[in-house]
Amino acid sequence: MKKIILAPSLLSANFNNLQKDIDMINNSKADWFHLDIMDGVFVPNISFGFSVVKHIKKIAKKPLDVHLMIIQPERYIEEWKNVGADILTVHYEACTHLHRTIQQIKSLGMKAGVSLNPHTSVDLLDDILPELDLVLIMSVNPGFGGQSFIKNSLRKIEKLRLMADITNPGLIIQVDGGVDKNNYRQIVKAGANALVAGSAVFGADNPEEMIKLLKSF
Ligand code: DX5
Ligand code: ZN
């Protein structure tokens, strides 16, 4: 049995009753809360920011996995730490001095992740890979929940796992976008060990059961 880290994305939760969905995740077999932060510039959508995350932190009983889809994320690293981020993931495409940004995240005691858009090759991570705790492969174009999984992501996951075997065997490979009960096994087989699921979890008749299913391999 493989250990899969499952992080439901609150983007698909019911924002009229966030407490209920947070309690559900607290009581479920999910591992982390995945929080999608969008600035309306890096991606064509705006989600939520510091104050919402700060309130989630007060009641969340599991680590906060914060996925920054914002330009110049280096401007706000400390703020994310202060509102309770445990894992902080920045986009490769949004960072001019990625190495420095990763060091900043780690120096504050958070796990550091880098995310790649569908068009960005995993080869570009070769020199930074030993520094990373996590790589997030975007398997849809970031910005919205409920899109379909881009098949080529499987090839990227396989390639990245081979690279990591050499320079960073403990690397967490997380996959985000269009993950559901029909494709998660293939994704894990390709080499991922962390999955994000938004609509698959919150659109299910029984979200807790769906979480359990997406962790069973
Ligand atoms: C998309 C976000 C995802 C999104 C996934 O930009 O990064 O985390 O919530 O949603 P689903 O699982 O519905 O594709
Ligand atoms: Zn995400």
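As the structure is a computational prediction, the values presented were derived from the model and not from experiment. (Residues numbered from 1 in each chain as written. Chains lettered and ligands numbered in written order. Predicted model: local features only at pLDDT ≥ 70, side-chain atom pairs only at ≥ 80, totals over all residues. Heavy atoms only, no water.)

Q: Would you explain the site of ligand 1 in this entry?
A: Neighbouring residues of ligand 1: 20 residues in total, closest Asp36, Gly143, Asp176, Gly198 and Ser199. The separation between an oxygen atom of ligand 1 and a polar side-chain atom of Ser9 is 2.9 Å. Take Gly198: an N or O atom from its main chain is 2.8 Å from an oxygen atom of ligand 1. Compared with its free state, where it exposes 380 Å², ligand 1 has 100% of that area covered by protein. If you map ligand 1 onto the pockets, it falls in the largest pocket. Of all elements in the fold, only strand 2 (33–38), strand 3 (64–69) and strand 8 (194–197) reach the threshold of two or more residues within the shell around ligand 1. Looking at which element gives the most residues to the shell around ligand 1, the answer is strand 2, with 3 residues. Across the shell around ligand 1, the residue classes tally to 8 nonpolar, 10 polar and 2 charged. (Near = heavy atom within 4 Å. Polar contact = N/O pair within 3.5 Å; in protein donor to acceptor, adjacent residues only side chain to side chain. Areas by Shrake-Rupley, 256 points an atom, 1.4 Å probe, with all protein chains shown as cover. 1 Å grid on protein atoms, 1.4 Å probe; cavity = no way out; pocket = protein on both sides within 12 Å on 5 of 7 lines; lining within 4 Å. Sits in = over half its atoms within 2 Å of the grid points. Helix = DSSP H or I, 4+ residues; strand = E, 2+ residues; numbered from the N terminus. Nonpolar A, V, L, I, M, F, W, Y, C, P; charged D, E, K, R; others polar.)

Q: Looking at this structure, I do not really get the sheet that holds strand 7 (residues 172–176). What am I missing?
A: Two modes of strand pairing occur in sheets, parallel and antiparallel, and in both the strands are linked by backbone hydrogen bonds. Taken together, the 8 strands give an open sheet; going across it, the order is 1-8-7-6-5-4-3-2, and neighbouring strands pair in parallel fashion. Looking at which strands have only one partner, the edges of the open sheet turn out to be strand 1 (5–8) and strand 2. Neighbouring strand axes in the sheet, compared pairwise and without regard to direction, differ in orientation by 20° on average. (Pairing = 2+ DSSP bridges. Axes fitted to C-alpha atoms, helices over the stretch in contact; angles between N-to-C directions.)

Q: I tried to follow the coordination of the zinc ion (ligand 2) on my own but got confused; where do I start?
A: Taken together, the protein donors to the zinc ion (ligand 2) comprise His34 (NE2), Asp36 (OD), His67 (ND1) and Asp176 (OD), at separations of 2.0 to 2.3 Å. Its 6 donor atoms give the zinc ion (ligand 2) angles of 69 to 166° at the centre, a pattern that matches the octahedral case. Binding-site remark: the zinc ion (ligand 2) is held by donors from one chain whose sequence spacing is H-x1-D-x30-H-x108-D. Placement of the pair is His34 in strand 2 and His67 in strand 3, with a sequence separation of 33 residues. Both residues of the pair, His34 and His67, belong to the buried class. (Donors = N, O, S within 2.8 Å, 3.2 Å for Na, K, Ca; no water. Tetrahedral: all angles 85-135°; square planar, octahedral: opposite > 155°, others 65-115°. Buried < 20%, exposed > 50% of the residue type's maximum accessible area, 1.4 Å probe, protein only.)

Q: What should I look at first to understand the layout of surface pockets in this one?
A: Empty space among the atoms becomes visible once a probe the size of a water molecule is rolled across them. When its volume is computed, the largest pocket comes out at roughly 260 Å³. Here the lining of the largest pocket is built from residues that sort into 11 nonpolar, 11 polar and 3 charged. (Points joined across faces, edges and corners; volume = space filled by probe spheres on them.)

Q: I would appreciate a short explanation of helix 8 (residues 207–214) in the present structure.
A: It helps to recall that an α-helix has 3.6 residues per turn; residues three or four apart then point in one direction. Of the positions making up helix 8, those classed as buried are Pro207, Met210, Ile211 and Leu214. Taken down its axis, helix 8 places every buried residue within 105° of arc, on the same side. (Arc of directions from axis to C-beta.)

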